Amino acid sequence: MKKVWILIGLIFITYLSISQERIGLSSDPSSGVYSIFLNPAFSSRYTMDWHVNALSFHQFLETDYSYLSNSNLFTALGEFDDLNIVTKRNQVSDGNSSRQLIFDPDGGRKSFSVNTSILWPSALWKRSKTEKVGFFIHTRGMASGFRLPEEIGYYELEEVRDTTVTIPEFNVAASTWTDLGVHYSRILNQDDYGSEAIGINARLVLPHESGKFSSDNNVDYSRFQDTFSAVGLVTDGGYNFFPSGSTSYSPRINGIGLALDIGYHHTTPDYSYGISLLDFGFSYTSRNADNYSIVSDTTVVFDGSLVEDPNDIIGIIEEVDRQLEDQVSRVVEEGGSFLLGMPTAFSLQYARPIGDHFMVSSQLVQRMPMFSQGLRRPNSLSSVLHYKSGHLSIALPITLYEYTDLRAGFRLMYRYFYIGTDHIASLVGSRKFSGTDLYLGFQIYPFSQVAGKKGVQCFDFK
């Protein structure tokens, strides 16, 4: 079963992708294009004539479903074949020096969220003294599920023997899509005491591959030896499918959607604050899709002893389908389309300069699900110390993910290149590895407009 559990671990190896904010980068007033994804009005305080993102990439991984012991990002990638999978809770030992995949032994509800993004060539430029405009092409991938029942944890399911447990209702969703976006910001008024600005990102959402699943009823689950049973099965699902026999997985456009980011920003010589609504919108998948509900009015039974090869995941799925087909009371085909909400969030920002080269900023991001089924954005509260002199920019973010998990990061930007992480401890050492965060990219801006590497007034709050 080793391959099966590795796949399960990989599926759940992302929890808290709030680092999708790349807070060490997006909170920086000199970051140009990158700052508009936290608050579109931030472009009003960008001091140069234009900014171009050549290409950037971001990946965040974190989970509370499982972790690797004695690892960091690079050892996890380099020595994955030597992994020992702990399939029993009583085999977990913190003193073991080997590299192990350990499922969550502490119980409690589970959560996960996947985030991958590629920002293609995008630009921001000054249209007038009070206006900034721009465009961006942003490919994103995300999967999420929050407050998933404790009962679907691996050890919890494995320990069900000759008894019945109740699994509460839950839902998960996943999607990959590309945003084709335009940006606009405007300074409403400005004087020696401060300024006010508004901004908006309007996006055409092009969904590629998506899926959703929800269990809409409490399910009584039991196991006796190799016989599994469930009572109260009521599910709703939708997914994309590839043509039978297809070996091509090139990106496809399977629908359309719309989304907005809107923001307000107020500055004074002593401080600034902002408010924004992010990812307000939806994606509608209308091609290559199935949407269905499954309802069973009786007890559903599965005989696991009939599985010929426990390492063949496809074979297991086919066997489950064969046995359950006659036991399901109703399969309701709901058409070849479905809708997902975007990962909507509400954000507050505050910043204060400390001399000519330093600034401290704070950011709150709170998810606000607008649809019953959709992607969910995790919560975060962060504080960042910024330093800038000439072309050199450094940020030290500290973030409280989901208001419980404190982490530190580092971001370096110099001329064409930047690199950063909001979880630096995951890249070094040997510890419990439950995820990581890394972003990097290439940019172009009018280097001649930078006065020099010393004596630069870098944060303009007027």
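Residues numbered from 1 in each chain as written. Predicted model: local features only at pLDDT ≥ 70, side-chain atom pairs only at ≥ 80, totals over all residues. Heavy atoms only, no water.

A. Layout of the confidence of the model for the chain. Summarising the model, the chain shows a mean pLDDT of 83, and 85% of its residues fall at 70 or more. Throughout residues 1-19 the model reports pLDDT below 50, and contacts reaching past four residues in sequence, or to other chains, amount to 66 contacts. Low pLDDT (under 50) marks residues 452-457, which in the prediction has 11 contacts with non-local residues, meaning those over four places away or in another chain. (pLDDT = per-residue confidence, 0-100. Contact = heavy atoms within 4.5 Å.)

B. Just the sheet that holds strand β4 (residues 100-103), in detail. One open sheet holds the four strands; their spatial order is β3-β4-β2-β27, and the pairing between them is mixed. Each of the sheet's edge strands pairs with one partner strand only, and the pair in question is β3 (84-86) and β27 (431-433). The mean angle between the axes of side-by-side strands here comes to 30 degrees, regardless of whether they run parallel or antiparallel. (Pairing = 2+ DSSP bridges. Helix = DSSP H or I, 4+ residues; strand = E, 2+ residues; numbered from the N terminus. Axes fitted to C-alpha atoms, helices over the stretch in contact; angles between N-to-C directions.)

C. Just the nonpolar core, in detail. Of all hydrophobic cores here, the largest spans 16 residues; its most connected members are Leu25, Phe37, Leu119, Tyr418 and Tyr445. Of all hydrophobic cores here, the second largest spans 11 residues; its members include Leu101, Phe103, Tyr154 and Phe433. (Core = buried A, V, L, I, M, F, W, Y, C linked by side-chain atoms within 4.5 Å. Buried < 20%, exposed > 50% of the residue type's maximum accessible area, 1.4 Å probe, protein only.)

D. A look at the sheet that holds strand β17 (residues 300-303). The antiparallel open sheet is built from four strands, whose spatial order is β8-β11-β12-β17. The open sheet has two edge strands with one neighbour each: β8 (163-167) and β17. Mean inter-strand twist for the sheet, computed between neighbouring axes without regard to direction, equals 20 degrees. Here strand β12 (residues 227-231) runs beside β17; their pairing, made up of four bridges, is antiparallel. Among the inter-strand pairings, Ser229 is bridged to a residue of β17, identified as Val301.

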